[in-house]
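An overview of the molecular structure
What follows is each chain in one-letter form.
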Amino acid sequence: MKTYFDERQRLHHPQREMHNGDWTAHVETHVRADSICAAIGPLDRPADYGMAPLLAVHDAAYLEFLKTAFAEWRAAGRPGEAIGYSWPVVRRRPLDLDRIEAKLGRFSYDAGTPIGEETWTSAYWAAQCAVAAAEDLHAGARRAFALCRPPGHHAGRDYLGGYCYLNNAAIAAEHLIRSGSRRVAVLDVDYHHGNGTQDIFYARGDVGFVSLHGDPRTEYPFFWGHADERGEGGGTGANLNLPLPRGTDAPRYLGALEQGCAEISRWEPDHLVVSFGADTFAEDPISNFAIRTPEFAAIGARIAALDLPTAVVMEGGYASEALGRNVATFLNGLGE
Ligand code: Q9C
Ligand code: ZN
């Protein structure tokens, strides 16, 4: 299996996030990528596919904002990294406002996802890894792995959040559709609901979304990921959320995965994109499931039994020391 990573993805270094009433040290560090590289390396550098695959998913004004936000923040004399403090919750509309604080409010939804000097560079190369993995499937490969860091599944068409800036899984799925795939399924097994991916494809009948995650009644991102969110318009029925309680262990998790995989099989996609987060790990510092390292192999094996060409896109996982082992175990279970 080809595996993709670009060294420039290490440059992004978010300092802090607003968490439970305080600024805390940010957990989405380059050490995560180092751990994965040490466990499965060496990885290949992706080619540069340019802006087109990003523009196929994201709003052009949003991409321009992401590219320039840090410079504008500095030019306005602000300290540290760019982060919002006011969000348009009611009657949200794309007002074209000049102040960087207003733009941050327009294009984000939380205070956990700062923009620094190198954020755009790292997010851009993470997205290129996802395109490279999609290209491999298009060329006939059965498997590809994109070490996307920063992650992507919380980012929507025109917003960042949840440590995510560009939706790498959506970019891979859309790239496959535009390369001729009739149907693509996205299976999200990160601990958190992939609200950005869900939102991007919510009204689409050609990209299905199935997600297993901590129940948003108690877990981030709270407002999306509930079982009654089934898609709309042409996408009605093509969105399936399987929320699980705190403490979910491997037997219970595999039961829900069975249900999610059965749904994907019925849907008969040409390709599968897996948003893989290892934050379901028992020792993850910000999550509450109870999966142990060897059990990631069984998760990979169940996904392999779908017998679909599969691109794995990295999402979360914050127990950095164990992260590489958890990813390697999952990929071994998935097989070639
Ligand atoms: N400071 C991923 O796993 N934490 N994102 C809530 C806000 C947000 C996790 C506290 C967790 C996002 C890709
Ligand atoms: Zn997560």
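Here is what the cut-offs are and how they apply
Residues numbered from 1 in each chain as written. Chains lettered and ligands numbered in written order. Predicted model: local features only at pLDDT ≥ 70, side-chain atom pairs only at ≥ 80, totals over all residues. Pairing = 2+ DSSP bridges. Helix = DSSP H or I, 4+ residues; strand = E, 2+ residues; numbered from the N terminus. Axes fitted to C-alpha atoms, helices over the stretch in contact; angles between N-to-C directions. Contact = placed C-beta atoms within 7 Å. Near = placed C-beta within 6 Å. Nonpolar A, V, L, I, M, F, W, Y, C, P; charged D, E, K, R; others polar. Buried ≥ 20, exposed ≤ 12 C-beta atoms within 10 Å, placed from the backbone. UniProt positions renumbered as here; feature names shortened; annotations may be inferred. Expected span 1.5 Å × (residues − 1). Arc of directions from axis to C-beta. Parallel < 35°, antiparallel > 145°, perpendicular 65-115°, else oblique. Left-handed = near helix turned anticlockwise from the far one by under 90°.

**What to know about the sheet that holds strand 5 (residues 184-188)**
- On the basis of which strands lie adjacent, the open sheet formed by 7 strands has the order 1-4-9-8-5-6-7 and parallel pairing. Of all the strands in the sheet, the pair left with one neighbour each is strand 1 (2-4) and strand 7 (239-244). Averaged over all neighbouring strand pairs, the angle between strand axes comes to 15°, with direction disregarded.
- Two strands pair when backbone bridges link them, and strand 5 and strand 6 (residues 207-214) are joined in this way by 5 bridges, in the parallel orientation. Residue pairing in the sheet places valine 186 in a bridge with phenylalanine 209 of strand 6.
- Strands in contact with helix 5 (residues 119-138) are strand 1, strand 4 (143-146), strand 8 (271-276) and strand 9 (310-314); relative to strand 4, the strand with the most contacts, it is inclined by about 175°.

**Considerations on the site of ligand 1**
- Taken together, 19 residues lie around ligand 1, and Glu17, Gly112, Pro151, Gly162 and Gly316 are the ones closest in.
- Taken together, the residues of the shell around ligand 1 break down into 6 nonpolar, 8 polar and 5 charged.

**Looking at the environment of alanine 102**
- Residue position: alanine 102 is located in helix 4 (residues 100-106).
- You can call alanine 102 partly exposed: it has 15 C-beta atoms within 10 Å.

**Quick look at the UniProt feature "domain: Histone deacetylase" (unreviewed entry) in the protein chain**
- Sequence positions flagged by UniProt for "domain: Histone deacetylase" (unreviewed entry) are, in local numbering, residues 46-333.
- The distance separating the terminal C-alpha atoms of residues 46-333 is 24 Å; by composition the span is 37% helix and 12% strand.

**Describing the pairing of strand 6**
- The buried fraction of strand 6 is high, at 8 of 8 residues.
- As defined by bridge partners, strand 6 adjoins strand 7 across 6 bridges and the pair is classed as parallel. Of the residues in strand 7, the one forming a bridge with phenylalanine 209 is asparagine 239.

**With respect to unusual backbone geometry**
- The omega angle of the peptide bond from glycine 41 to proline 42 is -5°, so this bond is cis rather than trans.
- Here proline 42 lies in the loop between helix 1 (30-40) and helix 2 (52-55).
- Cis geometry is found at the peptide bond from arginine 149 to proline 150, where omega equals 5°.
- As for its placement among the helices and strands, proline 150 is situated in the loop between strand 4 and helix 6 (168-178).
- Despite not being glycine, aspartate 307 has its phi angle at roughly 60°, a positive value.
- One can find aspartate 307 in the loop between helix 9 (295-304) and strand 9.
- In this structure aspartate 307 comes out as exposed when scored by C-beta crowding, with 10 C-beta atoms within 10 Å.

**Details of helix 8 (residues 250-267)**
- The first and last C-alpha atoms of helix 8 sit 25 Å apart over 18 residues, in line with the 26 Å expected at 1.5 Å per residue.
- Along helix 8, the positions that sit buried rather than exposed are Tyr253, Leu257, Gly260 and Cys261. For helix 8, the angular spread of buried residues about the axis comes to 100°, placing them on one side. Residues of helix 8 that are exposed and angled more than 90 degrees away from the buried face: Pro251, Gly255, Glu258, Gln259, Ala262 and Arg266.
- Buried residues along helix 8 sit in contact with strand 5, strand 6, strand 7 and helix 9.

**Describing the packing of helix 1 against helix 10 (residues 320-334)**
- Their axes nearest at 7 Å, the elements helix 1 and helix 10 cross at an angle of 45°. Between helix 1 and helix 10, the angle falls in the class oblique. The interaxial crossing formed by helix 1 with helix 10 has right-handed handedness. Along its contact with helix 1, which presents Val31, Arg32, Ser35, Ile36, Ala38, Ala39 and Ile40, the element helix 10 presents Ser320, Glu321, Leu323, Gly324, Arg325, Val327, Ala328 and Leu331.
- In terms of residue class, the contact of helix 1 with helix 10 is built from 9 nonpolar, 3 polar and 3 charged.

**Looking at helix 6**
- Along helix 6, 10 of the 11 residues are buried, which leaves the element largely enclosed by surrounding structure.
- Three or more residues of helix 6 are buried, namely Asn168, Ala169, Ala170, Ile171, Ala172, Ala173, Glu174, His175, Leu176 and Ile177.
- In the segment just after helix 6, glycine 180 is the residue with positive phi, at about 115°.

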